[in-house]
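What follows is the residue order along each chain.
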Amino acid sequence: MKKIYLLSVGFALSLGAAQAQQLTTCNFGEVEFVTDYGEFGFDSYPCAGVFNHVSANGQYAVGYDSQTVTSETGSSFLWRRSNPDQLEQISTSTDRVSATDVSNDGIIVGSFEKRSDIYTQDIAYPGFKHVDDAEWTKLPVPEDYSLYYAECMSFSSEARAITPDAQFIGGHVNIKVGEAEFQGTKFDKCNELPVIWKKTEEGYVIDQVFTDLGAPGKHQQLIDDELVTLDTEATYNTFFVRDISNDGRTLVGLNVSGRGGFNPAFIRDGVLVQLFECGEEDSPEEEVNFNGGYIQTIDANGNMYGYYADPNNIPYFFTFTADGKLVWNEDGTLCADKAGKTYPLYYEEMYPMWDCSEDGTVFVGAGTGNLGFGAYNYPMLAYDKSVSAISTMNKGSELSMSYKNNVLSIIGASVCGNVYDASGKLVRTIAQGGSLDMSAMPAGTYVVKVATATGIKTYKIAR
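Residues numbered from 1 in each chain as written. Predicted model: local features only at pLDDT ≥ 70, side-chain atom pairs only at ≥ 80, totals over all residues. Heavy atoms only, no water.

Caption draft 1: Structural detail: the overall build of the protein. Secondary structure summary: the protein contains one helix and 37 strands in total. A total of 463 residues make up the protein; the buried ones form 54% of that total. Counted over contacts in the protein with a minimum sequence separation of 6, partners at least 24 positions apart contribute 51%. When the accessible surface of the protein is split by element, carbon and sulfur atoms take 47% of a total near 20,300 Å². (Helix = DSSP H or I, 4+ residues; strand = E, 2+ residues; numbered from the N terminus. Buried < 20%, exposed > 50% of the residue type's maximum accessible area, 1.4 Å probe, protein only. Contact = heavy atoms within 4.5 Å. Areas by Shrake-Rupley, 256 points an atom, 1.4 Å probe, with all protein chains shown as cover.)

Here it is, written out as structure tokens:
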């Protein structure tokens, strides 16, 4: 096995990639996003995070800053092939949202939390929305859904993946299994269970909740290159979903073992399949491997891609093929197109490069920057310009400023506008689509900064 080392924030490989096509790289490290604070105006911050997935047809890509590196509310973003040089901010309010995957027709899945301000947390739910809709729709949750964790643990319950045809959504939710108390504070004891939602004429419904995951007879382990069904129970309390197969039958991700190790695993037809041994609760200490790894993607042909870090934290990248073979990769492959061509983790200046479209024309991931307190990720992607976009730009997205008869008006889609005097002091705020009568304001030069879904535009006016 070839040793491939990971950085603590991003991934780095000293590998090159043979270019089979001319790709255009979009680096969104300089993009600024905004949060609208209502009557208090807005604030801007650098966009951080990673593109999680690209739609199978390469028309959309989504991601979010799960670590809230540069924003207390996190940032979720959308890329459209129809407008490839722009990165859209999915939410500009104090609500916290995540965007994890998107279907061919533009259904985004993730989670959302309605907040009155950035300091007051509310109940978060897994949800979905169309790329052209403003509001999220809550996905149904099991009856014992933990409201405690949904409020205090951001992004703990999410819809993580959607099939290209939007018929199935996969994710994980916190299910209450009891209560505990620490220093006088009561909290829920939870299991993080994987869930599959299915689309019906009435909307999405819960198709499966894997409450008996790892039960005897429904637990397989890869032993000596063969999948063996075990009559023992796999210790289980958390399964993190990372992708779903096109037919909706298979969820891939990681299972947290009884001793806390991260075990690359998948669920197919209700059976938990663990590829490595990270230690059960009663296993000897020397068998425990807390580093583990996970399966990141499953391609259109059913092949899975991930990595495994040994007890010395040395990662090895692998493919688990559709016919059940474990193959070690030397180039850090984490995705492949429908034709079966694989692509390395370091690709077109991205590290990591997480996902690619099924036609092999769009590749998404992140770059790495530094804000003074350490390294962080910002979204990056590469795409083939020769492939046409299916969708068209949103009408009404163009922005302009009008100043006539002492009335300042914002024309087009905006969040809000801040008006500053010559000294840089904020003197007025204009609501979305609003106007400001400046006739009573002192003569002079004013700077107007207008927040939009794709950034901030600045105008100067003389009164």
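Caption draft 2: Representation of the sheet that holds strand β23 (residues 304–309) in the model. Spatial strand order, β22-β23-β24-β25: four strands in an open sheet with antiparallel pairing. Here the strands that pair on one side only, and so sit at the sheet edges, are β22 (292–298) and β25 (326–329). Across the sheet, the mean angle from the axis of one strand to that of its neighbour is 30°, orientation sign disregarded. Bridge analysis of β23 against strand β24 (residues 315–320) gives six bridges, and the strand direction is antiparallel. Along β24, the bridge assignment pairs Gly306 with Phe318. (Pairing = 2+ DSSP bridges. Axes fitted to C-alpha atoms, helices over the stretch in contact; angles between N-to-C directions.)

Caption draft 3: Highlighting the side chain of Gln89. Within the fold, Gln89 resides in strand β7 (residues 88–89). One polar contact links Gln89 to Tyr45, side chain to side chain, over a distance of 3.4 Å. A distance of 2.8 Å separates the side chain of Gln89 from the backbone oxygen of Ser91, its partner in a polar contact. (Polar contact = N/O pair within 3.5 Å; in protein donor to acceptor, adjacent residues only side chain to side chain.)

Caption draft 4: Representation of the confidence of the model for the protein within the structure. Per-residue confidence for the protein averages 83 on the pLDDT scale, and 87% of its residues sit at or above 70. Throughout residues 1–19 the model reports pLDDT below 50, and contacts reaching past four residues in sequence, or to other chains, amount to 49 contacts. Counted against residues more than four places away or in other chains, residues 391–397, with its pLDDT under 50, gives eleven contacts. (pLDDT = per-residue confidence, 0-100.)

Caption draft 5: View of the packing of aromatic side chains. Summed over the entire model, instances satisfying the criterion amount to 19 aromatic pairs. Through a chain of ring-to-ring contacts, three or more aromatic side chains come together here, namely Phe276, Tyr308, Tyr316, Phe318 and Trp328. A cation over a ring is seen here: Arg242 above Tyr294, with NZ or CZ 5.9 Å from the ring centre. The ring of Tyr420 has Lys449 sitting right over it, with the charged end atom 5.8 Å from the ring centre. (Phe/Tyr/Trp six-rings, centres within 6.5 Å; stacked < 30°, edge-to-face > 60°. Lys NZ or Arg CZ within 6 Å of the ring centre and 35° of its normal.)

Caption draft 6: Focus on the environment of Ser116. Turning to its location among the elements, Ser116 is positioned in the loop between β9 (107–113) and β10 (124–130). By relative accessible area, Ser116 is classed as exposed at 64%. Separated by 79 residues in the primary sequence, Ser116 and Tyr37 have C-alpha atoms spaced 9.4 Å apart.

Caption draft 7: Here's a closer look at the sheet that holds strand β6 (residues 76–80). If you trace the four strands from one edge of the open sheet to the other, you get β4-β5-β6-β7, paired in antiparallel fashion. Among the strands making up the open sheet, the edge pair consists of β4 (50–54) and β7.

Caption draft 8: Summary view of the pattern of salt bridges. In the structure shown here, the tally under the stated rule is eight salt bridges. Here Arg80 ties to Asp132 by a salt bridge, and the two come within 3.0 Å at their closest N and O atoms. Here Asp132 lies in the loop between β10 and β11 (137–138) and Arg80 lies in strand β6, a separation of 52 residues in the sequence. Take Arg80: its relative accessible area is 3%, and that puts it in the buried class. Since its relative accessible area comes to 45%, Asp132 is described here as partly exposed. One salt bridge connects Lys218 with Asp212, and the closest N-O pair in it is separated by 2.9 Å. Assessed through its relative accessible area of 29%, Lys218 is described here as partly exposed. A single network of salt bridges, built from pairs that share partners, joins Arg80, Glu88 and Asp132. (Salt bridge = Lys/Arg side-chain N within 4 Å of Asp/Glu carboxyl O.)

Caption draft 9: Representation of the nonpolar core within the structure. Counting 28 residues, the largest nonpolar core has Leu78, Ile108, Leu139, Ile162, Ile169, Trp197 and Tyr204 as the members making the most contacts within it. For this core, the secondary-structure elements that each account for two or more residues are β5 (60–64), β8 (96–102), β9, β10, β12 (158–162), β13 (168–182) and β14 (185–200). Sorting elements by how many residues they give to this core places β9 first, with four residues. Leave out the neighbours within four places in its chain, and Tyr204 touches Phe128, Leu139, Pro140, Ile162, Ala166, Gln167, Ile169, Trp197, Lys198 and Lys199. Counting 16 residues, the second-largest nonpolar core is a separate cluster that includes Val31, Tyr45, Cys47 and Phe77. (Core = buried A, V, L, I, M, F, W, Y, C linked by side-chain atoms within 4.5 Å.)

Caption draft 10: Local environment of the pairing of strand β21 (residues 271–274). Of the two faces of β21, both are covered, the one formed by Val271 and Val273 as well as the one formed by Leu272 and Gln274. In terms of strand pairing, strand β20 (residues 262–268) meets β21 through four bridges, oriented antiparallel. Each bridged residue has a counterpart across the sheet, and for Phe266 the counterpart in β21 is Val273.

Caption draft 11: Local environment of unusual backbone geometry. In this model, Tyr351 is joined to Pro352 through a cis peptide bond whose omega is 10°. Looking at the element boundaries, Pro352 is found in the loop between β27 (342–343) and β28 (353–356). Positive phi outside glycine occurs at Asp224, with the angle close to 50°. With respect to the helices and strands, Asp224 occurs in the loop between β16 (219–223) and β17 (226–229). Phi angles above zero are rare outside glycine, and Asp269 is one such case at about 55°. With respect to the helices and strands, Asp269 occurs in the loop between β20 and β21.

Caption draft 12: Summary view of the pairing of β20. Within β20, five of the seven residues are buried, which leaves the element mostly enclosed by the surrounding structure. For strand β19 (residues 250–256) and β20, the ladder comprises seven bridges, and the chain directions are antiparallel. Across the sheet, Thr250 pairs through a bridge with Arg268, a residue of β20. The hairpin formed by β20 and β21 contains two residues between the paired strands, and Asp269 there has a positive phi angle of roughly 55°.

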